[in-house]
Amino acid sequence: MIFDFKKDVDVTQWKVVDDTVMGGVSNGSFKLNSEGHGVFEGHVSLEEINGGFSSVRYTFNSIKTEGFKTIALKVKGDEKKYQFRIKDDSNTYYSYITYFETTGDWQTIEIPLKDFYPSFRGRKLNRPNFNSDSIEEIAFLIGNKKNEDFKLIIDSIALK
């Protein structure tokens, strides 16, 4: 288990990073709701130069991926597309990313680790897909190139 949301879990280590770091005006927030789920919500705005994304990330002590083939996300979205990101080293400038679609209902989305490709600032890098033996950071990002409100409810993130 990478993170299992419950009513008494500490979510203060989850950090929101919006496009404001690059001059945008999007705003996201992250909290634990009364049911014990993580809630990532807000508004993505294209109003300013470099605008257009909101993300939430969680950095942790290295977790071994040896013997695991997928990451399973149990989420309830808003029928929008999100990006899920992993890093094998939290100090690396790029992330390994993939996309998933939400339906509006609870879903368990299983993503093969080998499908995560390296990307930096929206550009795919000429490097191999994820093949590391550990993970130190995960993140959710929304940036669909349009102005939109969003809400993603997260129950758990696990290696399988």
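Above this text you will find the structure in question.
Keep in mind the model is a prediction, meaning the values are calculated, not measured.

**A short note on the sheet that holds strand β12 (residues 134-142)**
Inference 1: One open sheet accounts for 7 strands, arranged β2-β5-β12-β7-β8-β10-β11; its pairing is antiparallel. On the outer flanks of this sheet lie β2 (14-18) and β11 (123-124), each paired with one strand and no other.

**What to know about the side chain of Asp-19**
Inference 1: Among the secondary structure elements, Asp-19 is positioned in the loop between β2 and β3 (27-32).
Inference 2: Setting aside residues up to four positions removed in sequence, Asp-19 forms contacts with Gly-24, Val-25, Ser-26, Ser-45, Asn-50, Gly-51, Gly-52 and Phe-53.

**Let's talk about the environment of Lys-7**
Inference 1: Tracing the chain through its elements places Lys-7 in the loop between β1 (3-4) and β2.
Inference 2: Looking at Lys-7, the relative accessible area reads 62%, which means it is exposed.
Inference 3: Lys-7 sits 25 residues away from Leu-32 along the chain, and the two C-alpha atoms are 7.4 Å apart.
Inference 4: With near-sequence residues (within four places) excluded, Lys-7 lies in contact with Leu-32, Ser-34, Glu-35 and Gly-36.

Quick notes on the rules
For every chain, the first residue of its written sequence is number 1, and the numbers climb from 1 along that sequence. Totals for whole chains, interfaces and linings use all residues, but because this is a predicted model, local features are given only for residues with pLDDT of at least 70 and pairs of side-chain atoms are given and counted only at 80 or more. Water and hydrogen atoms were dropped before computing side-chain values, which therefore reflect all heavy atoms in the structure. A pair of strands is treated as paired once DSSP finds two or more bridges between them. Secondary structure follows DSSP: runs of H or I at least 4 residues long count as helices, runs of E at least 2 residues long count as strands, and numbering of each begins at the N terminus. The contact definition used throughout considers only heavy atoms, calling two residues in contact when any of these lie within 4.5 Å. For the exposure calls, accessible area comes from a 1.4 Å probe over protein chains only, and a residue counts as buried if that area is under 20% of its type's maximum, exposed if over 50%, partly exposed in between.

Functional significance is not addressed by these values, which are geometric in nature.
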